Amino acid sequence: MFDLCVGSLVAGALLAPQTGLAAGDVAAAAAGKVDARFLDYPVYHGDDLGLTIDGSTARFRLWSPEAQSVTLRLYKQGRGGEAFETIKMKKDVNGTWTAAVTPVPYGKFYTFQVEINGRLLDETPGIWARAVGVNGHRAAIIDFAATDPEGWSSDKGPEVKHINDVVLYEMHHRDFSVHPNSGIANKGKFLAMTEEGTVTPLGDKTGIDHLKELGVTHVHILPSYDYNSVDEANLPANQYNWGYDPYNYNAPEGSYSTNPTNPATRVTEMKQMIKALHDAGIGVVMDVVYNHTADNDKSNFSLTAPGYFYRHNEDGTYSDASGCGNETASERHMMGDFIVNSVKYWAKEYHIDGFRFDLMAIHDTETMSRVAAALKEINPSIFVYGEGWTAGGSPLPADARALKENVAKMQGIAVFSDDIRDAVKGHYSDAADRGFATGKPGNEETVKIGIVASTAHPQVDYSKGNNSKFPYASSPSQVINYVSCHDDLTLTDKLAKSMPNSTEAERQRAARLAQTIVFTSQGTPFMFAGEEVFRNKKGVHNSYKSPDSINAIDWNLKHLNAEQFNYYKELIALRKAHPAFRMTTADDIARHLKFDNVTTPNLISYSLLDNANGDDWKEIKVIFNGGDEAAEVKLPKGKWTVVARDGKINHTGLLNADGTVQTLRGGKTLVEPRSALILYR
Ligand code: CA
């Protein structure tokens with residue numbers, strides 16, 4: 001699955017010529033020696049790249065080993081106008097260039113310009129710009145201490161003992177708040193999340209109050225670093241983009257702020273958003289896209305040390321495992337360090353609680369392990385997950401890639417399970433294809449792979465898996481389960497396309513079953529924002545630059561689909577109340593999760609046994625019927641309390657009309673079509 005990158009490619013920003021090296025060293029490239037020469041580059045491990053403030057002095061340091069000269073320019077404005085000061089930087093240690101300015105020119109902007117082989121490259125804010133002017137072309141000199149909201153020094157995200165306790169909610173800033181029905185004032189902005197007490201015209205909670213009501217533990221925000229595609233100088237145009245086109249990795253995106261021309265505003269407002277979520281007990285995961293840049297020769301990497309930060313083909317052209325025109329080279333010292341230091345910066349300066357790596361398999365396993373270790377040192381609650389695949393071939397050998405299949409080689413890294421995703425709802429790229437939850441037989445074993453979080457289990461036959469053929473996860477902490485995300489059709493649209501003759505009520509049942517499988521499975525559950533109100537994207541599968549009319553969540557759906565919302569809320573409450581769904585080792589799962597021997601297609605039945613993982617409930621029985629007809633199961637005799645049945649759920653037990661809790665005595669029991677039956681004793 002890689003359409004987010006194909007999306008970026010279509011966006012046009014990446015259609016620049018893709019041949020030739022920025023440095024013009026085409027001859028060396030043609031000889032296939034382009035990447036070898038980078039091995040001789042000196043490396044710089046200091047933490048003062050870019051700008052550091054040292055008392056009353058601003059110190060600048062740029063790493064550019066092949067530069068003949070580097071010029072620093074100071075500007076009064078974030079764009080336009082002439083430099084008011086031009087400074088030749090001095091060659092310093094390990095390929096770096098330095099300059100110092102006293103007193104610190106707060107409120108001013110700067111660029112670097114590198115000369116290589118007698119050629120002046122374009123000006124760049126460098127790769128370490130932490131604050132930028134409008135559209136990010138110039139770096140800004142601001143006082144970061146002044147950007148902290150009140151109480152920031154004691155701000156903290158939720159404590160996470162184990163990643164499997166997390167409930168992830170993937171959200172785009174505009175999708176979430178921009179609809180007129182959101183009742184939110186700061187539509188499409190970081191600040192949307194800081195507004196309490198917002199409601200729809202029909203009185204339902206929205207914004208942060210909605211998240212609290214739903215019960216998710218973490219929001220996963222789509223790219224929020226400074227990206228390329230939205231013109232920050234023309235916000236009234238209301239452009240939309242997912243943001244998978246990175247420009248400045250260490251500064252927030254300007255279009256999500258109320259004033260992109262003031263470099264401090266985006267920093268402050270992003271912190272305010274994070275603080276508001278933390279105050280509500282909700283953590284913030286950031287989607288990071290270090291695997292490629294929006295531009296090739298004109299990226300800040302290329303304008304700093306041409307060629308070095310990217311991989312190349314034998315003929316010297318950019319290799320393209322991202323499907324976006326280039327791929328970065330994490331195995332090279334300065335690129336690997338850049339990724340590690342960048343996430344550390346976001347964790348420290350912005351108190352980010354987790355990171356989701358886009359096309360993570362473009363990076364090497366060693367760098368990803370370093371990322372996780374460095375973050376755990378800052379805060380043990382921070383977790384990391386990513387897409388364990390690439391969008392194309394790469395010069396990086398497959399055994400070194402941070403692939404799903406290599407996740408056991410990495411420490412503290414989780415991968416998305418495309419196994420459960422496709423098996424439950426049908427193949428992601430074939431709209432009409434159905435899955436287990438929509439009545440297509442043959443997916444049972446792959447759903448079981450999802451249920452055990454892709455760990456080794458004596459009752460799961462991996463040779464029958466649709467995607468993976470071996471238990472790639474050594475622990476449930478290495479797997480993120482989901483049935484839909486920003487990519488591809490929303491679950492609502494997928495069900496509409498694959499169940500063309502169904503009613504909306506039937507499709508909502510299928511959605512409930514699909515998410516019940518995700519939220520009761522071992523591993524970590526992940527959902528796409530708005531599915532709890534059955535949001536759609538009008539059938540658009542790659543909505544990366546579609547207008548708000550496609551992407552915005554219409555919050556009146558919360559009223560219309562109140563039953564759906566309540567189901568999701570109870571489902572999340574069930575998972576959070578019961579550690580049996582959140583076992584922490586593969587061994588525990590193998591011992592305490594037992595599948596029943598059923599042969600009916602589209603039927604899975606299993607038990608979580610012996611107060612699994614310290615659960616209050618001795619035995620939990622979970623049965624999924626994805627078929628079109630009711631299915632019969634044989635339940636052991638006993639007094640079973642019913643938690644979910646026939647498309648309804650209550651995490652403390654479903655109630656009869658007279659207010660008593662529903663129970664079953666075992667024996668022959670019917671499981672209604674496209675529904676989950678969950679019981680305990
Ligand atoms: Ca931007």
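Residues numbered from 1 in each chain as written. Predicted model: local features only at pLDDT ≥ 70, side-chain atom pairs only at ≥ 80, totals over all residues. Heavy atoms only, no water.

**Student:** Sorry if this is basic, but what is going on with the overall build of the protein here?
**Tutor:** Looking only at helices and strands, the protein has 15 helices and 28 strands in total. Compactness check: the protein gives a C-alpha radius of gyration of 26 Å against a globular reference of 26 Å for 681 residues, within 12% of the reference. Over its C-alpha atoms, taken along the principal directions, the protein stretches across nearly 85 × 55 × 45 Å. Taken over 681 residues, the protein has a buried fraction of 64%. Put simply, the protein shows about 23600 Å² of open surface, and 49% of that area lies on carbon and sulfur atoms. (Helix = DSSP H or I, 4+ residues; strand = E, 2+ residues; numbered from the N terminus. Rg over C-alpha atoms; globule rule 2.2 N^0.38 Å. Buried < 20%, exposed > 50% of the residue type's maximum accessible area, 1.4 Å probe, protein only. Areas by Shrake-Rupley, 256 points an atom, 1.4 Å probe, with all protein chains shown as cover.)

**Student:** Can you walk me through the sheet that holds strand β19 (residues 524–528) in this structure?
**Tutor:** Strand pairing in a sheet relies on backbone hydrogen bonds. The paired strands run either parallel or antiparallel. Pairing is parallel in the closed barrel, where eight strands are placed in the order β10-β11-β14-β15-β16-β17-β18-β19. Each neighbouring strand pair of the sheet contributes to a mean axis angle of 30°, computed without reference to strand direction. As paired strands, strand β14 (residues 283–288) and strand β15 (residues 354–357) are joined by four bridges and run parallel to one another. The partner of D287 across the bridge, within β15, is R356. Those strands touched by helix α7 (residues 365–378) are β15, β16 (383–386) and β17 (413–416), and its axis lies near 155° from that of β16. (Pairing = 2+ DSSP bridges. Axes fitted to C-alpha atoms, helices over the stretch in contact; angles between N-to-C directions. Contact = heavy atoms within 4.5 Å.)

**Student:** Quick question: what am I supposed to make of the pairing of β19 here?
**Tutor:** Of all five residues in β19, five are buried, a share of seventy percent or more. Residues of β19 alternate between two faces, with T524, F526 and F528 on one and P525 and M527 on the opposite face, all of them buried. The pairing of strand β10 (residues 168–171) with β19 spans three bridges and is parallel. Of the residues in β19, the one forming a bridge with E170 is F528. The pairing of strand β18 (residues 479–481) with β19 spans two bridges and is parallel.

**Student:** Teacher, can you tell me more about the coordination of the calcium ion here?
**Tutor:** Reference values for coordination geometry: four tetrahedral donors around a metal ideally subtend 109.5 degrees, six octahedral donors ideally subtend 90 or 180 degrees. Here the calcium ion is held by the protein donor atoms D226 (OD), Y227 (O), E232 (OE) and E253 (OE), which lie 2.2 to 2.4 Å from it. Going along the chain, you hit the donors of the calcium ion in the pattern D-Y-x4-E-x20-E. Residue Y227 is located in strand β12 (residues 225–227), and its partner E253 is located in the loop between β13 (246–252) and α5 (263–279); the two are separated by 26 residues in the primary sequence. Considered together, Y227 and E253 belong to a single accessibility category, that of buried residues. (Donors = N, O, S within 2.8 Å, 3.2 Å for Na, K, Ca; no water.)

**Student:** For this particular structure, what's the right way to read the confidence of the model for the protein?
**Tutor:** Caution applies to low-pLDDT parts of the model: their predicted coordinates are not meant to be read in detail. Confidence in the prediction for the protein averages 94 pLDDT; 95% of positions are at 70 or higher. Low pLDDT (under 50) marks residues 1–32, which in the prediction has 83 contacts with non-local residues, meaning those over four places away or in another chain. (pLDDT = per-residue confidence, 0-100.)

**Student:** It is not clear to me how the packing of helix α11 (residues 504–520) against helix α14 (residues 562–577) should be interpreted in this structure. Could you clarify?
**Tutor:** Two packed helices can be described by the angle between their axes and the distance between those axes. Two elements in contact, α11 and α14, have axes separated by 10 Å at closest approach and are oriented at 15°. It follows from the interaxial angle that α11 and α14 lie roughly parallel. The two elements α11 and α14 cross, and the hand of that crossing is right-handed. Along its contact with α11, which presents Q508, A511, R512, Q515, T516, V518, F519 and T520, the element α14 presents E563, Q564, Y567, Y568, L571, I572 and R575. Grouping the amino acids of the contact of α11 with α14 by side-chain chemistry returns seven nonpolar, five polar and three charged. (Parallel < 35°, antiparallel > 145°, perpendicular 65-115°, else oblique. Left-handed = near helix turned anticlockwise from the far one by under 90°. Nonpolar A, V, L, I, M, F, W, Y, C, P; charged D, E, K, R; others polar.)

**Student:** Could you clarify how one ought to interpret α11 in this entry?
**Tutor:** It helps to recall that an α-helix has 3.6 residues per turn; residues three or four apart then point in one direction. In this model α11 runs 24 Å from its N-terminal to its C-terminal C-alpha over 17 residues, within 8% of the 24 Å that 1.5 Å per residue would give. For α11, a buried count of 13 out of 17 residues is recorded, marking the element as mostly surrounded by other parts of the structure. (Expected span 1.5 Å × (residues − 1).)

**Student:** Got a minute to help me understand unusual backbone geometry in this structure?
**Tutor:** It is generally the case that most residues other than glycine have a negative phi and that most peptide bonds are trans. Looking along the chain, the bond that leaves T102 and enters P103 is cis, with omega of -10°. Within the fold, P103 resides in the loop between β6 (96–101) and β7 (109–116). A positive phi angle, close to 65°, is found at N135, a residue other than glycine. Turning to its location among the elements, N135 is positioned in the loop between β8 (119–120) and β9 (139–140).

**Student:** Just to check I follow, could you spell out the environment of D461 for this structure?
**Tutor:** Assignment of secondary structure puts D461 in the loop between α9 (444–451) and β18. Between the alpha carbons of D461 and P500 there is a distance of 33 Å; along the sequence they are 39 residues apart.

**Student:** What is the right way to read the packing of aromatic side chains from this model?
**Tutor:** Each aromatic ring pair is described using two quantities: the centre-to-centre distance and the angle formed by the ring planes. Across all of its chains, the model carries 39 aromatic pairs by this definition. Centre to centre, the rings of F383 and Y385 are 6.2 Å apart; their planes meet at 15°, and the pair counts as stacked. On the basis of relative accessible area, F383 is assigned to the buried category, the value being 4%. A residue is classified by how much of its surface remains accessible, and Y385, at 0% relative accessible area, is buried. We note K558 situated over the ring of F565; from NZ or CZ to the ring centre the distance is 4.4 Å. (Phe/Tyr/Trp six-rings, centres within 6.5 Å; stacked < 30°, edge-to-face > 60°. Lys NZ or Arg CZ within 6 Å of the ring centre and 35° of its normal.)

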